[in-house]
Amino acid sequence: MFEKVLIANRGEIALRIHRACQEMGIHTVAVHSTADADAMHVRLADEAVCIGPPAPKDSYLNKAAILSAAVITGADAIHPGVGFLSENAAFAEMVEEHGIAFIGPSSEHIRMMGDKIQAKDAARALGIPCVPGSDGAVTSDEEALRIAEEVGFPLIIKAAAGGGGRGMKVAFSMEEVKTALSLCRTEAKAAFGDDAVYIERYLAHPRHIEVQILGDGQGGCIHLGERDCSIQRRHQKVVEEAPSPALNPEQRERIGETVTRAMKEMGYRSAGTIEFLYENGEFYFIEMNTRIQVEHPISEMICGVDLVREQIRIAAGATLDMEQSDIQFQGHSIECRITAEDPESFMPTPGRITDYHAPGGLGVRVDSQLYSGYSVPPFYDSLVSKLIVHGSNRNECLMRLRRSLAEYVIGGIKTTIPLHQKIIGEKRFIDGDYDIHWLERWMGLKD
Ligand code: ADP
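Residues numbered from 1 in each chain as written. Predicted model: local features only at pLDDT ≥ 70, side-chain atom pairs only at ≥ 80, totals over all residues. Heavy atoms only, no water.

Some thoughts on the sheet that holds strand 12 (residues 269-279)
Applied cut-off: At least two bridges found by DSSP between two strands are what make those strands a pair. Here a helix means four or more residues in a row that DSSP labels H or I, a strand means two or more in a row labelled E, and each is numbered from the N terminus. A fitted line through C-alpha atoms serves as each axis, taken over the contacting stretch for helices, and the angle formed by two N-to-C directions is quoted from 0 to 180°. Should any heavy atoms of two residues lie within 4.5 Å, those residues are considered in contact.
Across the sheet, which stays open at both edges, the eight strands sit in the order 13-12-9-10-11-14-19-17 with antiparallel pairing between neighbours. Two strands lie at the open edges of the sheet, namely strand 13 (282-289) and strand 17 (364-368), each paired on one side alone. The sheet shows a mean angle of 25° between the axes of neighbouring strands, taken without regard to direction. Two strands pair when backbone bridges link them, and strand 12 and strand 13 are joined in this way by seven bridges, in the antiparallel orientation. Within strand 13, the residue paired with Glu279 across the bridge is Glu282. Along the sheet, helix 12 (residues 394-407) makes contact with strand 11 (236-242), strand 14 (332-339), strand 17 and strand 19 (383-391), crossing strand 19 at roughly 140°.

Laid out in structure tokens, this is it:
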């Protein structure tokens, strides 16, 4: 097992990884920008190294600085967390070239799944159902128009290198295709340095359902059920739940098996998530995330498996020590992503936390970097806390979530707690009757 793990991230996920390491008797090294010197994970880590100024490109995306910190501190593995360098194949390669383990999949799998066009091809070849659309990249306006005719309207133009809900444009008519295509290309080039785009049918009322898997790259692979992440704003997840209120046990087993078989065939190593849109009883692959995800705790809560611990064990060469039949789904779990944003305008609200009281009690988990006196810096993602609740059934889970949100005090800045309180009180949410457009329609942001 590793003796020292460097955590190449910040915020709640850095703390989450630190906690898993501590429970495994592994020392941790925190790396941080000058803006994060007071961060909780920096305080708790066994060692800390400042890797640069606040701008992510100079610190959390600075491969050489992070690698140097690992070499200097003698870390034998690096956990990349989520975002930043977590899906950067070149970084994974660099890390391994220096004799340091990368806590994640092989760089080859990261590269393949990082390009959504290649990922779709791979998924199709592995027998995973995909959204109908173009066969690969669309290179000219003429080709786009021809495909548009085949696929029909509405359709969505997506960046091959896209992520974080960016680089997507919906077109409702032939006239809109050309403009959407050029807008999407420009945005993709600017955001991801790659203007390759592809076309998919735009599904009208899908749910976003994703399957969590764990593979050891040595023949072992299991799934940990699905998460329903349909409560979204601007293609970004706001509330997630497991299991999905839309699936029955047979559907769950069927999609779980399809995915597990595919990942086993691929020889996938580490935690991974296969994302689908689900409509009228059918699953359509959209992408695979080759890393731990923000919403992983809800799967942990219903399966009783520590996913980060498993990632670490597997990266150290261990095989999976559980089989599919060992995974028993227990009860229901919901996560609210609480951000430092105005709950109405969504303007970021960085600043000092004056009071802090987190909810507790049976079935309540708070993954947050906040503490009283901490200042939320203005440079990064606005996620400041994940409130994760578990109950023996969905109703109990909802009641517990309501009670926990009411208890939660984050003073000094505005957060999205009031928005979560409204969402979970809505009939459509209580009934589990929502799709990926529901939240924006309900908020009046969409017709
Ligand atoms: P990203 O990598 O940016 O998260 P995804 O491909 O995972 O992009 O898509 C994010 C979200 O965008 C989905 O959860 C869904 O809300 C929407 N979306 C993507 N593809 C389609 C599609 N073909 N039809 C309808 N909505 C889509």
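Observations concerning the side chain of Ser333
This is how it is decided: We define a polar contact as two N or O atoms separated by no more than 3.5 Å, with the added condition that, inside protein, one atom must be a possible hydrogen donor and the other a possible acceptor, whereas residues neighbouring each other in sequence contribute only through side-chain atom pairs.
Within the secondary structure layout, Ser333 lies in strand 14. Looking at Ser333, its side chain comes within polar contact range of the main-chain oxygen of Val389, at 3.0 Å. Those residues within four positions of Ser333 in sequence are excluded, and the remaining contacts are Glu240, Glu241, Ala242, Ile298, Met301, Ile302, Ile388, Val389, His390 and Cys397.

With respect to the pairing of strand 9 (residues 207-216)
The cut-off we apply is this: Per-residue accessibility, obtained with a 1.4 Å probe over protein chains only, is compared with the maximum for each type, and a residue is labelled buried under 20%, exposed over 50%, and partly exposed between these values.
Burial runs high along strand 9: 10 of the 10 residues are buried. Burial of strand 9 is two-sided: the residues Arg207, Ile209, Val211, Ile213 and Gly215 facing one way and the residues His208, Glu210, Gln212, Leu214 and Asp216 facing the other way are all buried. Here strand 9 pairs with strand 10 (residues 221-233) via six bridges, running antiparallel. Among the inter-strand pairings, Leu214 is bridged to a residue of strand 10, identified as Ile222. The hairpin formed by strand 9 and strand 10 contains four residues between the paired strands, and Gly217 there has a positive phi angle of roughly 70°.

Section: the pattern of salt bridges
Let me state the cut-off plainly: Salt bridges are defined by distance alone: a side-chain nitrogen of Lys or Arg within 4 Å of a carboxyl oxygen of Asp or Glu.
Enumeration according to the criterion identifies 34 salt bridges in this entry. As a salt-bridge pair, Arg252 and Glu226 come within 2.9 Å of each other at their nearest N and O atoms. Remark: Glu226 occurs in strand 10 and Arg252 occurs in helix 9 (residues 249-266); sequence separation between them is 26 residues. Taking relative accessible area as the criterion, Arg252 reaches 14% and is therefore assigned buried. Between Arg428 and Asp433 there is a salt bridge, and its shortest N-O distance comes to 3.4 Å. Judged by relative accessible area, Arg428 falls into the partly exposed class, the value being 37%. We classify Asp433 as partly exposed; its relative accessible area is 43%.

Quick look at the domain arrangement of the chain
The following threshold applies: An automatic or database domain assignment provides the domain bounds reported here. Once two parts are brought into contact, the accessible area they lose, counted with a 1.4 Å probe and summed over both, makes up the buried area.
Its domain assignment divides the chain into domain 1 (4-103), domain 2 (132-201) and domain 3 (207-442). Using only C-alpha atoms to locate each centre, domain 1 and domain 3 end up separated by 23 Å. At the interface, 35 residues of domain 1 touch 30 residues of domain 3. Here domain 1 meets domain 3 over a buried area of about 2,400 Å², counting both sides, of which 58% is carbon and sulfur.

Observations regarding the nonpolar core
To keep things clear, this is the line we draw: Put simply, buried Ala, Val, Leu, Ile, Met, Phe, Trp, Tyr and Cys residues joined by side-chain atoms within 4.5 Å make one nonpolar core.
Of all hydrophobic cores here, the largest spans 34 residues; its most connected members are Leu214 and Ile312. Of all the elements in the fold, those that place two or more residues in this core are strand 1 (4-7), helix 1 (11-23), strand 10, helix 10 (296-303), helix 11 (307-315) and strand 19. When residues of this core are assigned to their parent elements, the largest contribution, five residues, is made by helix 1. Viewed by domain, this core spans two of them, domain 1 (4-103) and domain 3 (207-442), each represented by three or more residues. With near-sequence residues (within four places) excluded, Ile312 lies in contact with Met1, Phe2, Ala20, Cys21, Met24, Ile26 and Ile103. Judged by nonpolar contacts, the second largest core, of 33 residues, contains Ile353, Val364, Ile413 and Trp438.

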